[in-house]
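# A structural walkthrough
Read off the chains here:
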Amino acid sequence: MAKVKIDLSPLGERLLEEAKKKSIAEIASYQRLRTKFFYPVSGGENIDFVELRQIIDNLVSEFNLRFSSEHRDTGYMSFLNNKAFDVFNMRIHRLSPDNYLVVTQKKSGHPVFIIHDKQIDPKDNILIRWDDESFSEGTVESIPFHIPREMLELE
C-alpha cells in the first residue's frame, strides 16, 4: 500500500475531491458504493454525477422491461446490465469527454476510480485501486481511454 499521489488539473482535482467526499458518505450510510460517474457542469463550476443504476431504471421504464430481485442473478440481468453499461459509457463520453471520474466497487469491497483528465493525458485514463475506505492509500496505473466493462469487474 502506498499513499496515492497523482498530478491532475484543477478540474481533475475537484472531480477527485467530490468523488471521495460522496463515496465516503455513501460507504458510511450503505456500506457500499454504486457505480457512477462524476462530470463537470456549468462550465466546470460544479460537479454532477449519474449512477449506472439510474440508467438501468430508465431503460427498464422506457422499454417496459421486466426487473425484479428474482431476476438479479440471471442471464437476463446480465444482458440488461451489459446494455446499461454501454449506455453509461456513451453518456460519459457525450456529457463530458474531456474530464470525468468513474467510481465503482469490486466484489472484494475495494473502491476503484477511473479518471480522465484531458489536460494531463489526452489519450489514457488513470486507474486508482484504493486499499482503504478513506481513499488515501492504493495503486495507480494508466489504462486505455475506452473503459471496457471488464475493467469495472476486475477483482
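Rules used throughout
- Residues numbered from 1 in each chain as written.
- Predicted model: local features only at pLDDT ≥ 70, side-chain atom pairs only at ≥ 80, totals over all residues.
- Heavy atoms only, no water.
- Helix = DSSP H or I, 4+ residues; strand = E, 2+ residues; numbered from the N terminus.
- Polar contact = N/O pair within 3.5 Å; in protein donor to acceptor, adjacent residues only side chain to side chain.
- Core = buried A, V, L, I, M, F, W, Y, C linked by side-chain atoms within 4.5 Å.
- Buried < 20%, exposed > 50% of the residue type's maximum accessible area, 1.4 Å probe, protein only.
- Contact = heavy atoms within 4.5 Å.
- Pairing = 2+ DSSP bridges.
- pLDDT = per-residue confidence, 0-100.
- Expected span 1.5 Å × (residues − 1).
- Phe/Tyr/Trp six-rings, centres within 6.5 Å; stacked < 30°, edge-to-face > 60°.

Bringing the side chain of Thr35 into the picture now. The topology assignment puts Thr35 in the loop between helix H1 (10-30) and strand S2 (36-41). Within polar-contact distance, the side chain of Thr35 engages the side chain of Thr104 at 2.7 Å.

Soluble globular proteins tend to bury their nonpolar side chains together. Grouped together as the largest cluster of nonpolar side chains are 20 residues, with contacts concentrated most on Phe37, Phe88 and Val102. Mapped onto this core, the elements with two or more residues apiece are S2, helix H2 (52-62), helix H3 (75-95), strand S4 (99-105) and strand S5 (111-117). Broken down by element, the residue count for this core peaks at six residues, all from H3. Not counting residues up to four positions away in its chain, the partners in contact with Phe88 are Thr35, Lys36, Phe37, Val50, Glu51, Leu52, Ile55 and Val102.

A few words now on the environment of Asp86. With respect to the element layout, Asp86 can be found in helix H3. Accessibility expressed as a relative area gives 29% for Asp86, which makes it partly exposed. Between the C-alpha atoms of Asp86 and Asn46, which are 40 residues apart in sequence, the distance is 25 Å.

To continue, consider the pairing of strand S3 (residues 46-51). Bridge analysis of S2 against S3 gives six bridges, and the strand direction is antiparallel. Of the residues in S3, the one forming a bridge with Val41 is Asn46. Where S2 folds back on S3, the antiparallel hairpin that results is connected by four residues, among which Ser42 adopts a positive phi of roughly 55°.

As a further point, take the confidence of the model for the chain. Model confidence for the chain is summarised by a mean pLDDT of 86, while 90% of its residues fall at 70 or above. Looking at the elements of the chain, mean pLDDT is at its lowest for helix H4 (residues 149-153), recorded as 62, and at its highest for H1, recorded as 95.

This part takes up H3. Counted at 1.5 Å a residue, the expected span for H3 with its 21 residues is 30 Å, and the 30 Å between its end C-alpha atoms agrees. Regarding H3, the residues found buried are Met77, Leu80, Ala84, Phe85, Phe88, Asn89 and Ile92.

In this section: the packing of aromatic side chains. Here the structure, examined in full by the defined rule, presents seven aromatic pairs. Judged by centre distance (5.2 Å) and plane angle (25°), the ring pair of Phe113 and Phe135 falls under stacked. Pair noted here: Phe113 is in strand S5 and Phe135 is in the loop between strand S6 (124-130) and strand S7 (137-144), with a separation of 22 residues, a long-range link. Looking at Phe113, the relative accessible area reads 0%, which means it is buried. With a centroid separation of 5.5 Å and 85° between ring planes, the pair formed by Trp130 and Phe135 is classed as edge-to-face. On the accessibility criterion, Trp130 (1% relative accessible area) is buried. Residue class for Phe135 comes out buried when judged on its relative accessible area of 2%.

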